[in-house]
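Geometric and topological summary
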Amino acid sequence: MLIAATVRLFERWVDPFTERNDLRPPAGTMAFVWFYVRQAKAAFLAMALFGGAVAVMEASMFWFVGRLVDLLETVPKSAGWQGLFGQHGLELAGIAAVVIFVRFAVITLSALVEEQVIVLNFLNLVRWQSHVHVSRQSLSFFHNDFAGRIVTKVWSGGQATGDLLTSLLQVAWFMVIYTISTMALLAHLDWVLAAIIAVWVAVFVVLARYFVPRIRRHARDTAEAASALSGRLVDSYANVQTLKLFARERQNDHYIRAGFERFQAAQAPFTRLITGVRASLALLSGGMILMIGAVCIDRWFSGAMTAGGMAFTLGLVLRLSMLLNRMMTQLNGMMRNIGTIQNAAEMISQPIGLTDKPGAGRLTITGPEIRFEDVSFHYGKPKGAIDHLSLTIRPGEKVGIVGRSGAGKTTLVNLLLRFYDVEGGAIRIDGQDIRDVTQESLRAQIGMVTQDTALLHRSIRDNILFGRDAASEAELAAAADQAEALPFIEKLVDLRGRTGFDAHVGERGVKLSGGQRQRIAIARVMLKNAPILVLDEATSALDSEVEAAIQSNLEQLMAGKTVLAIAHRLSTIASLDRLVVIDQGRIIEEGSHEQLVEQGGLYAELWARQSGGFLGGEALDRAAE
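Nothing here was measured: the structure is a model prediction, and the numbers come from that model.

**Comments concerning the sheet that holds strand E10 (residues 586-591)**
In space, the six strands of this open sheet follow the order E6-E7-E8-E3-E9-E10, with mixed pairing throughout. Each edge of the open sheet is held by one strand with a lone partner, namely strand E6 (446-449) and E10. Going across the sheet, the axis of each strand differs from the next one's by a mean of 20 degrees, ignoring polarity. Direction of pairing for E6 relative to strand E7 (residues 532-536): parallel, over a ladder of four bridges. Bridge pairing in E7 links Val 449 to Leu 535. Against the sheet, helix H16 (residues 514-528) contacts E6 and E7, and its axis sits at roughly 170 degrees relative to E6.

**Looking at the environment of Arg 586**
Assignment of secondary structure puts Arg 586 in strand E10. Taking the C-alpha atoms as reference points, Arg 586 and Gly 384, 202 residues apart in sequence, are found 10.0 Å from one another. Once you skip the residues sitting within four places of it in the chain, Arg 586 turns out to touch Asp 387, His 388 and Val 581.

**Let's talk about the packing of aromatic side chains**
Overall, the coordinates contain eight aromatic pairs when judged by the stated rule. A ring pair is formed by Phe 377 and Tyr 379, whose centres lie 4.6 Å apart and whose planes are at 65 degrees; its orientation type is edge-to-face. Summarising the aromatic geometry, the rings of Phe 377 and Tyr 420 are spaced 5.5 Å apart at their centres and angled 45 degrees between planes, so their arrangement reads as tilted. Placement of the pair is Phe 377 in strand E1 (residues 370-377) and Tyr 420 in the loop between helix H11 (409-416) and strand E4 (424-429), with a sequence separation of 43 residues. Connected via pairs of aromatic rings, a cluster forms that spans Phe 32, Phe 35 and Tyr 36. Lying over the aromatic face of Trp 155, Arg 127 brings its terminal NZ or CZ to 3.8 Å of the ring centre. Between Arg 232 and the ring centre of Tyr 255, over which it is positioned, the NZ or CZ distance is 4.3 Å.

**Quick word on the pairing of strand E3 (residues 398-402)**
For E3, the buried fraction is high: five of the five residues fall into the buried class. Here E3 shows two buried faces, one formed by Lys 398, Gly 400 and Val 402 and the other by Val 399 and Ile 401. Note that E3 and strand E8 (residues 562-566) share four bridges and pair parallel. Paired with Ile 401 across the bridge in E8 is Ile 566. Alignment of E3 against strand E9 (residues 578-583), held across four bridges, turns out to be parallel.

**Some words on unusual backbone geometry**
Glycine aside, residues mostly have negative phi, and peptide bonds are mostly found in the trans state. Between Gly 367 and the following residue, Pro 368, the backbone shows a cis peptide bond with an omega angle of 0 degrees. Here Pro 368 shows up in the loop between helix H10 (307-348) and E1. The backbone of Arg 418 shows a phi angle near 55 degrees, a positive value even though the residue is not glycine. Counting through the fold element by element, Arg 418 comes out in the loop between H11 and E4. Residue classification places Arg 418 among the buried residues on the basis of a relative accessible area of 3%. Although it is not a glycine, Glu 484 sits at a positive phi angle of roughly 60 degrees. With respect to the helices, strands and loops of the structure, Glu 484 is situated in the loop between helix H14 (473-482) and helix H15 (486-489).

**Quick look at the packing of helix H6 (residues 147-189) against helix H7 (residues 191-238)**
Where H6 contacts H7, the two axes come as close as 13 Å, and the packing angle between them is 175 degrees. When the axis of H6 is compared with that of H7, the two are roughly antiparallel. For the pair H6 and H7, contact is made by Gly 148, Arg 149, Thr 152, Lys 153, Thr 179, Met 183, Leu 186 and Ala 187 and by Trp 191, Leu 193, Ala 194, Ile 197, Ala 198, Val 201, Glu 224, Ser 227, Ala 228, Ser 230, Gly 231 and Val 234, respectively. When grouped by side-chain class, the residues that make up the contact of H6 with H7 number 11 nonpolar, six polar and three charged.

**Things to note about the UniProt feature "transmembrane region" (unreviewed entry) in the chain**
The positions that UniProt labels "transmembrane region" (unreviewed entry) are, in the present scheme, residues 42-65, 92-113, 164-185, 191-212, 281-301 and 307-325. The span residues 92-113 shows a helical share of 100% and a strand share of 0%, and its end C-alpha atoms are spaced 31 Å apart. Taken end to end, residues 281-301 comprises 100% helix and 0% strand; its first and last C-alpha atoms sit 30 Å apart.

**Quick notes on the pairing of E7**
The element E7 is largely enclosed, with a buried count of five among its five residues. Side chains Ile 532, Val 534 and Asp 536 of E7 all project onto a buried face; the interleaved residues Leu 533 and Leu 535 project onto the opposite face, where all are buried too. For E7 and E8, the ladder comprises five bridges, and the chain directions are parallel. Residue Val 534 lies in a different strand from E8, and its bridge partner there is Leu 564.

**Some words on a nonpolar patch on the surface**
A surface patch of nonpolar side chains, amounting to about 310 Å² of accessible area, comprises Ile 100, Phe 101 and Val 102. Tracing the backbone shows Phe 101 in helix H4 (residues 80-135).

About the criteria used
Residues numbered from 1 in each chain as written. Predicted model: local features only at pLDDT ≥ 70, side-chain atom pairs only at ≥ 80, totals over all residues. Heavy atoms only, no water. Pairing = 2+ DSSP bridges. Helix = DSSP H or I, 4+ residues; strand = E, 2+ residues; numbered from the N terminus. Axes fitted to C-alpha atoms, helices over the stretch in contact; angles between N-to-C directions. Contact = heavy atoms within 4.5 Å. Phe/Tyr/Trp six-rings, centres within 6.5 Å; stacked < 30°, edge-to-face > 60°. Lys NZ or Arg CZ within 6 Å of the ring centre and 35° of its normal. Buried < 20%, exposed > 50% of the residue type's maximum accessible area, 1.4 Å probe, protein only. Parallel < 35°, antiparallel > 145°, perpendicular 65-115°, else oblique. Nonpolar A, V, L, I, M, F, W, Y, C, P; charged D, E, K, R; others polar. UniProt positions renumbered as here; feature names shortened; annotations may be inferred. Patch = residues over 30% accessible without salt bridge, like charges linked within 9 Å, V, L, I, M, F, W, Y side chains within 5 Å. Areas by Shrake-Rupley, 256 points an atom, 1.4 Å probe, with all protein chains shown as cover. Salt bridge = Lys/Arg side-chain N within 4 Å of Asp/Glu carboxyl O.

Right, here's the structure in full:
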């Protein structure tokens with residue numbers, strides 16, 4: 001019970017999920033590390049203290065061995081254990097207590113801090129805070145990079161930070177304390193031996209100053225190449241169906257191999273430097289061990305050193321040589337970690353691209369009325385997308401947005417949702433500039449069904465409850481029923497035997513058909529029941545029978561709401577209150593379906609292609625009625 005309670009005490013020392021207002025770390029490597037370390041300063045101080053104590057204990061073990069040899073020389077063999085304990089019992093008991101109890105306590109406490117505090121909690125603190133910050137980035141941030149590379153940097157940044165600090169405290173700091181202890185113990189025997197150790201350490205530092213900056217630079221390049229390769233691999237696996245559909249496995253192999261070759265080219269100079277370090281250290285340690293051995297033998301011949309002192313010195317020095325070699329081996333990992341941290345910090349430390357204004361309030365809905373006031377948006381380019389567009393959608397009005405591909409329809413919706421900020425003009429809902437309210441409150445008032453519906457690899461229940469997580473089971477089932485999704489949901493069974501609403505849908509919902517994914521998305525929006533509804537080709541993935549079945553339910557969903565609907569299939573929006581035709585980012589026509597057909601403009605041309613061009617004039621006339 002006591003052991004379990006002690007372990008739990010250490011496990012609760014650092015809370016990885018403590019809330020912070022500022023989650024953006026600095027971009028500099030050491031500043032990035034300190035940003036997280038300062039949240040667990042006491043734990044790392046304890047780690048340093050216990051690690052130093054372990055180093056002193058390790059050095060003391062060799063002194064104990066030498067002392068034991070000297071004690072044995074003072075006792076005749078015929079006296080045996082009784083003679084040994086009779087003359088030196090108290091000292092031997094003290095040595096035994098230190099070796100068994102003190103050493104056990106120090107090593108156990110060091111392990112508890114490292115494993116229960118640092119590995120269990122601190123690493124996850126870095127990962128969690130990095131994730132929360134990155135997940136708040138703007139949509140363009142994720143569109144401009146591989147999802148796999150972002151994930152790799154978030155995950156490996158936390159791992160590398162923890163591993164680097166553990167290596168520094170458990171290896172580098174251990175070495176510092178062990179070396180100081182070695183020099184102190186040897187100086188008690190002979191100052192010449194301590195001076196040789198000092199020279200050894202000085203040459204080691206010179207080698208480190210030469211190699212470390214070069215290794216660090218190449219480690220960063222290696223980490224960047226590794227994250228890029230990871231991004232390519234994840235992208236390929238996520239789109240494996242497309243690769244197989246177009247029989248492009250070999251072409252994709254060339255693409256992935258190019259990533260491997262870039263990674264290997266970046267790694268080659270890094271590994272050469274590591275080999276150089278290890279070879280240089282082997283030469284240095286060999287020469288120093290030989291020199292110390294010669295001095296010890298000379299002192300023993302002259303009677304200045306006992307056999308125990310010689311055994312203690314050579315054992316201590318051989319251990320020092322092994323630790324210095326271990327440290328240089330660890331240097332490989334440490335430099336990789338520094339490179340990984342540098343690479344991760346550059347991405348994680350980026351400021352949030354689109355933020356709420358200080359003191360932004362919540363959006364309050366009364367109508368809601370939507371106004372686009374002289375809106376311009378060109379994705380940072382001189383022109384294109386939306387250009388001086390003004391549009392008012394009255395409370396409860398159902399407006400369809402029509403236009404050729406690339407006319408700016410989806411951009412208009414993205415601006416309404418504030419995935420991007422307008423570059424000119426303003427968008428207001430019930431008179432409130434959407435830049436003056438929180439993004440969360442804005443999007444909470446908008447329900448949207450997109451053409452390309454991607455579900456999360458979770459259960460059907462979880463995916464629908466994104467609409468309203470506090471909904472009851474009855475409300476969940478009612479929303480699924482309204483979206484004509486309940487019949488197929490009740491028949492679902494996944495690979496693990498989960499059924500119905502508990503069945504998982506696979507990555508991006510790949511285990512469902514396009515129509516099934518669309519119906520889940522519609523059920524989610526029905527459950528949300530927001531006052532503003534945006535439909536972006538909401539029924540495009542449905543077959544005609546299912547579309548007809550849920551059309552009345554969609555009309556029920558739209559009742560009392562302000563609706564903005566985008567559709568290429570004009571028959572799905574022809575009955576809306578008003579249609580707005582956009583071309584090259586500007587409104588060129590607006591009115592009812594009948595008015596626009598009579599005008600003979602772009603809308604009439606698009607309508608003729610979709611209906612009259614195939615069905616003939618009579619069908620066109622009937623459709624227009």
